[in-house]
Amino acid sequence: MEFFCGLDVGMDETAICVVDATGKVVLEVTVVTDPEAIRTALAPYLGRLRRLGHEAGSLSPWLHPELLRLGLPAVCLETLHVRAALKAQRNKTDRADALGIAHIMRTGWFRRAHIKSEACYRLRLLLTHRRNLKRKFLDLENAIRHSLKVFGIRLNRVGRGGFAQAVRDAVAHDALVSELIDAMLNARAALWKEYCRLHDLVVRLVAGHELCRRFMQIPGVGPIAALSFMTAVDDPSRFRRSRDVAAYFGLTSRRWQSGSSIDVRGRISKAGDGDVRRALYEAASALLTRYKKKDKVKAWGLALAKRSSHRKATVAVARKLAVIMHAMWTSGTFYCGDPDASRAEMRAETTAKQRRLLGAYV
């Protein structure tokens, strides 16, 4: 008889449940969250263990490869799918979740989550920390601006370079406020310095990556959008069609159908990686509003904006950019937005853009 296992993985302990082909529970145990401990607990069933499921989480990039290395038939499950399946349970406990996951593995009603490579996770960690530093920097800057409004000081037309000096001049007459604002400005300067350090590292990595440089041939796509898309996809072969990538990043409409009278197409699903979706949206916005030369995707988006709205056109262009970038990746081709342009003009424009964006690193 075959057996199926469900794991409810926690930071310290993991609940294990094993059921047979008929759904009968044959093992329920809790062990420390360690691949070796999990394998030891499942040792009596290894020969007939068909599937072992665990929900995608923060420990999955480490735990899943280790389970596979130990010879366990591990499957990483999509969180939203598992959560929807476990809602039928009356009580939510680690033991009940492990039992539910075991039944999901037994019935085969599950959706696999892709575990990215270790190198890919390292690059994504760089992007994540860069984004966090930028958000904290902006939070401090906005806090300073807001605190000065109490004294009637409004910094309307002050750029980022002259912000610190303008604030110090505005509060120079008040010793207490000057002292505490100076501490905030020093923290702001330290965050900006470290943010620039990580941003320069991103730029250097993109400059040395051939695929990212090809992505940047698309007008509006910069280093962040190129690297975010590449690390989020990781393996282009896991998408059967390029247009599936748009749905993966939540850029396609939701649909609600019930019977023959209800069939509603709503807003985009916003599923998947939000950072990639925002990067694609910003790239599409730059293509539609800032790029001045001839481009087929831009012309298509502007025509759509006239019929609908600029926001919907920007989302549609972002969706198309995701499809184009995946197609470029799988086919090894280059982007040509203007079919009338010569190869020399395309090469010169690409070189100029890379030098402008990457500076001395190209």
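Nothing here was measured: the structure is a model prediction, and the numbers come from that model. (Residues numbered from 1 in each chain as written. Predicted model: local features only at pLDDT ≥ 70, side-chain atom pairs only at ≥ 80, totals over all residues. Heavy atoms only, no water.)

(A) How the structure looks around the overall build of the chain. A tally of regular secondary structure across the chain gives 14 helices and seven strands. Its C-alpha atoms give the chain a radius of gyration of 26 Å, clearly above 21 Å, the size a compact globule of 362 residues would have. The C-alpha extent of the chain, read off along each of the three principal axes, is 75 × 65 × 50 Å. Looking at the chain as a whole, 40% of its 362 residues qualify as buried. Counted over contacts in the chain with a minimum sequence separation of 6, partners at least 24 positions apart contribute 57%. Accessible area for the chain stands at about 20,800 Å²; split by element, carbon and sulfur atoms hold 52% of it. Mean positive and mean negative side-chain charge positions of the chain (62 and 35 charges, respectively) differ by 9 Å. (Helix = DSSP H or I, 4+ residues; strand = E, 2+ residues; numbered from the N terminus. Rg over C-alpha atoms; globule rule 2.2 N^0.38 Å. Buried < 20%, exposed > 50% of the residue type's maximum accessible area, 1.4 Å probe, protein only. Contact = heavy atoms within 4.5 Å. Areas by Shrake-Rupley, 256 points an atom, 1.4 Å probe, with all protein chains shown as cover. Lys, Arg positive; Asp, Glu negative; His and termini not counted. Charge placed at Lys NZ, Arg CZ, Asp CG, Glu CD.)

(B) Focus on the pairing of strand S2 (residues 13-20). Burial analysis of S2 places seven of its eight residues in the buried class, which makes it a mostly covered element. Looking at chain direction, strand S1 (residues 3-9) and S2 are connected through seven bridges and run antiparallel. In the sheet register, Val-9 faces S2, and the bridge partner there is Thr-14. Here S1 hands over to S2 after three residues, the two strands then running antiparallel side by side. In terms of strand pairing, S2 meets strand S3 (residues 25-32) through seven bridges, oriented antiparallel. Its bridge partner being in S3, Val-19 is matched across the sheet by Val-25. Connecting S2 to the next strand, S3, in antiparallel fashion are four residues, including Gly-23 with a positive phi near 95°. (Pairing = 2+ DSSP bridges.)

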